[in-house]
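Each chain, written out:
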Amino acid sequence: MAYWLFKSEPDDYSIDDLAHEKAGYTVWDGIRNYQARNFLRDNVVVGDGVLFYHSSCKNVGVVGTAEVVKAAYPDPAQFDPDNRYFDSKASKEAPRWYCVDIAFRSAFDSLIPLAELRTLPALSDMVLLKKGRLSIQPVSKAEWRLVTALRAT
DNA sequence: GCCAACGTTGGC
DNA sequence: GCCAACGTTGGC
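Residues numbered from 1 in each chain as written. Chains lettered and ligands numbered in written order. Predicted model: local features only at pLDDT ≥ 70, side-chain atom pairs only at ≥ 80, totals over all residues. Heavy atoms only, no water.

## Observations regarding the overall build of chain A
Check the secondary structure of chain A and you find five helices and six strands. The principal-axis extents of the C-alpha atoms in chain A amount to approximately 45 × 30 × 30 Å. A separation of at least 24 residues holds for 74% of the contacts in chain A among residues at least 6 apart in sequence. As displayed, chain A offers around 8,100 Å² of accessible surface, 49% of which is attributable to carbon and sulfur atoms. (Helix = DSSP H or I, 4+ residues; strand = E, 2+ residues; numbered from the N terminus. Contact = heavy atoms within 4.5 Å. Areas by Shrake-Rupley, 256 points an atom, 1.4 Å probe, with all protein chains shown as cover.)

Written out as structure tokens, the structure is:
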């Protein structure tokens with residue numbers, strides 16, 4: 001049981017999109033960074049908590065939580081030539097990229113801006129604040145508790 | 001849209 | 001294996 005922060009560009013896929021998934025979950029595909037891939041493939045397990053983060057938009061920050069409902073399996077998008085995440089160097093025998101499934105858990109009553117997280121000394125070691133570009137990143141239990149207590153849901 | 005940070009590619 | 005060139009991320 002561990003905690004993570006997943007980034008998404010809300011114009012592409014937002015916490016509201018996740019909250020309204022008819023199937024009750026979504027495939028977290030399209031991860032094309034090796035460090036993020038390794039976390040997905042090797043460390044993310046069912047039941048893990050996810051801080052859902054909106055990036056590359058007007059209001060960047062943590063907007064809610066999700067839960068991992070299926071552990072890593074080969075990302076189908078890498079095999080589909082018509083998909084934007086197609087990878088010609090990947091094969092079904094030797095998949096290069098992995099995805100997990102996550103389900104909506106909560107939406108905060110208001111977004112927790114990145115700038116606010118930066119003001120909290122207890123979060124100074126948070127990966128988000130030190131290594132901004134990683135799209136799948138570990139969150140400590142203490143960080144999870146603190147962040148999820150900042151807002152009502 | 002700018003630009004800093006950082007990841008990836010590819011020649012040698 | 002090094003490193004320059006290039007591409008991408010992502011905050012502002």
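From this point on, the discussion continues.
## Focus on the protein's contact with DNA strand B
Every residue close to DNA strand B is listed here: Asn33, Tyr34, Lys131 and Arg133. Sugar plus phosphate, as a fraction of atoms of DNA strand B within 4 Å of the protein: 73%. Between lysine 131 and DNA strand B, the recorded distance is 3.1 Å, taken from a side-chain N or O atom to a phosphate oxygen. In this structure, arginine 133 approaches DNA strand B through a side-chain N or O atom, which is 2.8 Å from a base oxygen. Within the surface near DNA strand B, the residues separate by chemical class into one nonpolar, one polar and two charged. (Near = heavy atom within 4 Å. Polar contact = N/O pair within 3.5 Å; in protein donor to acceptor, adjacent residues only side chain to side chain. Nonpolar A, V, L, I, M, F, W, Y, C, P; charged D, E, K, R; others polar.)

## Here we look at the sheet that holds strand 5 (residues 98-113)
The strand order across the open sheet built from six strands is 2-5-4-3-1-6, with neighbouring strands paired in mixed fashion. Strands with a single pairing partner mark the edges of an open sheet, and in this sheet they are strand 2 (26-28) and strand 6 (136-139). In this sheet, adjacent strand axes meet at a mean angle of 40 degrees when their direction is disregarded. Bridge count for strand 4 (residues 61-74) against strand 5 is 10 bridges, and the pairing is antiparallel. (Pairing = 2+ DSSP bridges. Axes fitted to C-alpha atoms, helices over the stretch in contact; angles between N-to-C directions.)

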